[in-house]
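# Report on the structure
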Amino acid sequence: MDHTSEFMKYNTLLAFILLINLQLVSAQGSLPQSFFDGKSVVFISTDPSARPKMTWKEVADSVHNSLVKAGADPVAYFELEKIALSEAVQADYAKIFQQRLVKNIVLVTRQKNQMSIHVAPFSEDGQIIPSIALFGISGADIEEVTNQFKSIGENQPSKNLLVLDVPAFLTIGSTESSSSQKFLAKNPLNLNVFKLGIPIEGSSAATGLLSYFRYDRYGKSSEIIMAEQAAQKAGIEQVLKQEYPYQIEWLTEPKSVEELIRDRVQFLLVKVEGREADLMKSMGLEPKTDESSSRIVVKYYIKLLVREELYIGPEWDADPDWRVALDSFLKNLKK
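This structure is a prediction, so every number in the text was calculated from the model and none was measured.

Following both chains from N to C, one finds helix α2 (residues 56–70) and helix α5 (residues 142–150) inclined at 15 degrees, their axes separated by 8 Å at the closest point. In terms of orientation, α2 and α5 fall into the roughly parallel class. Considering only the axes of α2 and α5, their crossing is left-handed. Within the contact between the two elements, α2 uses S62, V63, S66, L67, K69 and A70 and α5 uses I142, T146, F149 and K150. Within the contact of α2 with α5, the residues separate by chemical class into five nonpolar, three polar and two charged.

Take the side chain of Q266 next. Tracing the backbone through its elements, the reader meets Q266 in strand β10 (residues 265–275). Note on Q266: relative accessible area 14%, which makes it buried. If sequence neighbours within four positions are ignored, Q266 has contacts with F194, K195, I261, K303, L304, L305 and V306.

Tallying each qualifying case throughout the model produces one cavity of 30 Å³ or more. Computed from the structure, the largest cavity encloses a volume of approximately 50 Å³. Around the largest cavity, the lining residues are E81, R214, Y215, D216, E273, G274 and I296. Its residues assigned to classes, the lining of the largest cavity shows two nonpolar, one polar and four charged.

The rules behind the values
- Residues numbered from 1 in each chain as written.
- Predicted model: local features only at pLDDT ≥ 70, side-chain atom pairs only at ≥ 80, totals over all residues.
- Heavy atoms only, no water.
- Axes fitted to C-alpha atoms, helices over the stretch in contact; angles between N-to-C directions.
- Helix = DSSP H or I, 4+ residues; strand = E, 2+ residues; numbered from the N terminus.
- Parallel < 35°, antiparallel > 145°, perpendicular 65-115°, else oblique.
- Left-handed = near helix turned anticlockwise from the far one by under 90°.
- Contact = heavy atoms within 4.5 Å.
- Nonpolar A, V, L, I, M, F, W, Y, C, P; charged D, E, K, R; others polar.
- Buried < 20%, exposed > 50% of the residue type's maximum accessible area, 1.4 Å probe, protein only.
- 1 Å grid on protein atoms, 1.4 Å probe; cavity = no way out; pocket = protein on both sides within 12 Å on 5 of 7 lines; lining within 4 Å.
- Points joined across faces, edges and corners; volume = space filled by probe spheres on them.

What follows is the structure, encoded as structure tokens:
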């Protein structure tokens, strides 16, 4: 009995150590080899209520040295929320990353009680990253995570030699102008003729993999995500029944444009979320300047697949509550 008891204690201790390690190092994917031989861009998302209070640029300053010591070549830093505003903005940045031969995406997420660094190969398309199952390290704070992360380079030689001593914050103005030209402040025609495709958020049909690493989303369990998806679909159906009289099609898995058009789906309902001023600017509108400009809002628009046109409607109707935003958008479609 004593041996059995000791054996059980030993197994319990091993399980506890394994659990701690799994919490600190989440490596659903493997670290891309290109991390040690290719340019990386870094996206930062930080909770403004985390303490000590830090801007995203201050977080970048705090992690840059550890990324370099780990073997990376971080050539530019961006705020994640501005990149993930919409698929149009992401697509524009993706083109620029391709031109600059970027190979890796580093995602830094700072929450109230946790800090995470993830690494993905650049997908070379508008999704930016190939999935959310990425190599990553998490810990209680910046110091813990950066100490763990820089140790990656201890036994791995890096070919990234001429790296920047300090983080570079680039403003790529052309992305704003090019993406804003795609948005049209009016309603699409022929909604009564063709189906409106509705991707379920969080499903493989939905865009926005980057948004998973936002400070307010990262770490949610699959049960919470599934419950949110079910509630979202039920809520959308309720609003659609009241305000949208035409055909719809739910999309839960990816389909090509050709497949969608073949199924008579020529329109997609797209949901974006971000700071109101950023969203307005990205869509070619004059952003608000009052206090509400910094609030996080939801905006819906319709994408016409055959011409890559994005219709945001004749009136600005974003709202912090997605139900209100959707209801307002559908009502404005009738104008």
